[in-house]
Amino acid sequence: MSVTSLYLDNNATTAVDARVVEAMLVPLRESYGNPSSAHGFGEEAARLLESARASVARLVGARSPAEIVFTSGGTESINTAFQAALGSVAGKASRRVALTGATEHSAVLRALEGWQERGIELLLLPVEPDGTIRVEHVLERLTQLGDDLALLSLHWANNETGVLWPRAALAEIAAACRARGVRFHVDAVQVPGKEELRLDELGVDLASLSAHKFHGPKGVGALYVRAAGAPEPFPRLIAGGPQERERRGGTQNVPGIVGMGRAAELAAQHVADDEARGRVRGLRDRLEEGLLDAIPRARVNGGGAPRVDNTSNLVLPDVDGELLLMTLAAEGVAVSTGSACNAETRAPSHVLRAMGLADEEAASSIRLSLSRMTTAAEVEGALEVIPRVVAELRALAAV
Ligand code: PLP
C-alpha cells in the first residue's frame, strides 16, 4: 500500500467522482447491450450513449450533440483531429504545412512529427518567457503562410504551467483561420472543470477532451467536430463499423462514455459556481504564496501569464526535481516534475526549456496541481512538508 495521502498531481489525472462511478454501474451491471443492436438491450445502451453525448455537448457548448465523437482519450482525439484535417488535404499541392506551439503536449508534437513522413511540413511557434504566444505573432504567421497552411493546433491551457489562452485571443485566431480556410484544432484537455469552453461561440473547428482530467474514468475522451465545414467524408483514424457517424469505428465503451457524461455535468456545475472556483484558486494561491515565502529563491514559472485556477509550477534552484519528487512521494506527497508522460524519459521539460529556462532550472522545477476535491488540510500538509524537504536536500547538496 502506498504511503501517498496528499494528492497534488491533478493535471496528470484526477480521482473519479463517486457520482461518476455510480452512473457507470448502470451499463456495467444492467444495460450491457451493444448500442448498435436493433433490440431492447441495444436501444437501452444507445439511450445511455446519446444522453452522455448530450451532456458532453452541453459542457463544451457545441451547437449539437452530433458534433461530439467519442474516442479512447485525449491522445486519440488529437490524432483523429489531425487525420481529419491533414488526411483531407493529402495529395494536394497547397496546404502542406501544420503549425503548432513549442510548448504543446507530446500527443500533439509527436503526432505532427509523424505527419512529416507523409509530406507535411511542421512549424513551431516560439513562446514568450512567461509561456504565452503573442496573438499578433500567430496572425502574422497565418498571413505569411497563406494557402500553404492546412492546420493550426494550439492547446488552450498548458498541462505543466497552467498558462492559458484568453478566450478573446483564441476567438480572434479562430476567425482568422476561418477566413483563410485553415483548420483550427484546440487541445482543450486541461480545460473542462477549470474554464467555460463555449466552443461553438469560439469558432474552432476541432477540440480534444479526455475524461480522466475532470474526475471521469480513464480510456475515454471526445473530439468536438464543428458541423459547419467539417471534412466530408471524414477521414477516419480508426476504420471499422459505422459507429460515431462513421468518424470512429468500433463498439463504443458505453460505461466509460456514461462516466464521461456524468463527469461533464459535474465539471460544468463547478465552473458555473464562482464560489467553488474561487475556493480552488484560493487554495492554489495559498499554496504558491506559502512556498514562495518559505523557500528562498523559489520562483513561479508562467506566474505573470493568465493561468488556470489549479496549477502552480515552481523553480526551486539547487534542488534536483526528480530527487525532490521521490523524497516527497516517500513522505506521502504526490507532485510531479512536469508532464507525467515525460517521467520515463527524464529529459528536462521541453515546455520550460521553450520558455527560456536553463536545463538546471527546468530540472529543479516541480508542478503542483489541485482539483475541486483538494482540501485545505492537504494544502497545509504540503506547506509543512515541501519547504522542510527542500531545505534538507539543499543542505545535503551543499555538503
Ligand atoms: N493534451 C494535454 C494538454 C494533456 O495534458 C494530456 C494528458 O496529459 C493529453 C493531451 C493526452 O491525454 P490522454 O493522456 O488522456 O490521452
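These figures come from a predicted structure and were not determined experimentally. (Residues numbered from 1 in each chain as written. Predicted model: local features only at pLDDT ≥ 70, side-chain atom pairs only at ≥ 80, totals over all residues. Heavy atoms only, no water.)

**Student:** Can you help me understand empty space enclosed by the protein in this one?
**Tutor:** The rolling of a water-molecule-sized probe over the atoms marks out the regions of remaining empty space. Per the stated rule, a full pass over the model turns up 2 cavities of 30 Å³ or more. Lining the largest cavity are 17 residues, and of these G193, K194, L370, S371 and R372 sit closest to its centre. Of the residues contributing to the lining of the largest cavity, the split by class is 4 nonpolar, 8 polar and 5 charged. Of the voids in this model, the second largest cavity is the one considered here, and its volume is about 30 Å³. (1 Å grid on protein atoms, 1.4 Å probe; cavity = no way out; pocket = protein on both sides within 12 Å on 5 of 7 lines; lining within 4 Å. Points joined across faces, edges and corners; volume = space filled by probe spheres on them. Nonpolar A, V, L, I, M, F, W, Y, C, P; charged D, E, K, R; others polar.)

**Student:** Explain helix α11 (residues 321–330) to me, please; I cannot follow it from the model alone.
**Tutor:** Along α11, the residues classified as buried are G321, E322, L324 and L328. Axial view of α11: buried residues confined to an arc of 160 degrees, hence all on one face. Of the surrounding elements, those touching the buried residues of α11 are β11 (333–334), α13 (359–363), β12 (365–369) and α14 (376–398). Just beyond α11, the residue with positive phi is G332, at close to 90 degrees. (Buried < 20%, exposed > 50% of the residue type's maximum accessible area, 1.4 Å probe, protein only. Helix = DSSP H or I, 4+ residues; strand = E, 2+ residues; numbered from the N terminus. Arc of directions from axis to C-beta. Contact = heavy atoms within 4.5 Å.)

**Student:** Is there a simple way to think about the sheet that holds strand β10 (residues 311–315) in this case?
**Tutor:** Hydrogen bonds between backbone groups are what pair the strands of a sheet, and the pairing can be parallel or antiparallel. The sheet built from 3 strands is open, its strands ordered β9-β10-β12 with antiparallel pairing. Strand pairing shows two members of the sheet lacking a second neighbour, β9 (299–300) and β12, which therefore form its edges. Pairing geometry for β9 and β10, over 2 bridges, is antiparallel. Bridged to V300 within β10 is L314. (Pairing = 2+ DSSP bridges.)

**Student:** Please explain the pattern of salt bridges as it appears in this structure.
**Tutor:** Opposite charge on two side chains permits pairing when their charged atoms draw close. In this structure the tally under the stated criterion is 28 salt bridges. Between E136 and R134 there is a salt bridge whose closest N-O contact spans 3.1 Å. Judged by its relative accessible area of 42%, E136 is partly exposed. Its salt-bridge partner being D309, residue R277 comes within 3.1 Å of it at the nearest N-O pair. Here D309 lies in the loop between β9 and β10 and R277 lies in helix α10 (residues 274–294), a separation of 32 residues in the sequence. Each member of the pair, R277 as well as D309, is classed as buried. Connected via shared salt-bridge partners are E195, R277, R281 and D309. (Salt bridge = Lys/Arg side-chain N within 4 Å of Asp/Glu carboxyl O.)

**Student:** Teacher, can you tell me more about unusual backbone geometry here?
**Tutor:** Negative phi characterises most residues that are not glycine, and trans characterises most peptide bonds. At the junction of E232 and P233, the peptide bond is cis and its omega measures out at -5 degrees in the coordinates. Residue position: P233 is located in the loop between β8 (221–225) and α8 (243–246). The phi torsion at E244 lies on the positive side, around 50 degrees, for a residue other than glycine. Inspection of the secondary structure assignment puts E244 in helix α8. Using a relative accessible area of 6% as the deciding quantity, one classes E244 as buried. Phi is positive for E246, close to 60 degrees, though the residue is something other than glycine. By the element assignment, E246 lies in helix α8.

**Student:** Looking at this structure, how should I read the site of the ligand?
**Tutor:** Every residue lining the ligand is accounted for by G74, T75, I78, H105, N159, D187, V189, Q190, S210, H212 and K213. With respect to the ligand, the side chain of H105 contributes an N or O atom lying 3.3 Å from an oxygen atom. Taking S210, its side chain carries an N or O atom lying 2.5 Å from an oxygen atom of the ligand. When the free accessible area of the ligand is taken as 390 Å², the share hidden by the protein chains comes to 88%. If you tally residues by element for the shell around the ligand, the top one is helix α3 (residues 74–87), at 3 residues. (Near = heavy atom within 4 Å. Polar contact = N/O pair within 3.5 Å; in protein donor to acceptor, adjacent residues only side chain to side chain. Areas by Shrake-Rupley, 256 points an atom, 1.4 Å probe, with all protein chains shown as cover.)

**Student:** What's the story with the layout of surface pockets in this structure? I'm lost.
**Tutor:** In this structure, the second largest pocket encloses a volume near 250 Å³. What lines the second largest pocket is a set of 14 residues, and nearest its centre among them are G181, V182, R183, D205 and G229. Across the lining of the second largest pocket, the residue classes break down as 5 nonpolar, 3 polar and 6 charged.

**Student:** I keep staring at the pairing of β12 and nothing clicks. Help me out?
**Tutor:** Residues in a regular strand project their side chains so that they alternate between the two faces of the sheet. Burial analysis of β12 places 5 of its 5 residues in the buried class, which makes it a mostly covered element. Of the two faces of β12, the one holding S365, R367 and S369 and the one holding I366 and L368 are both buried throughout. Relative to β12, β10 runs antiparallel, the two being bridged by 5 bridges. When the sheet's bridge partners are listed, L314 is paired in β12 with I366.

**Student:** Teacher, can you tell me more about the environment of R372 here?
**Tutor:** As for its placement among the helices and strands, R372 is situated in the loop between β12 and α14. With residues up to four places along the chain from it excluded, the contact list for R372 reads D17, R19, H215, L266, A267, H270, R279 and V280. Here D17 takes part through its side chain, which lies 2.8 Å from a polar atom of the side chain of R372.

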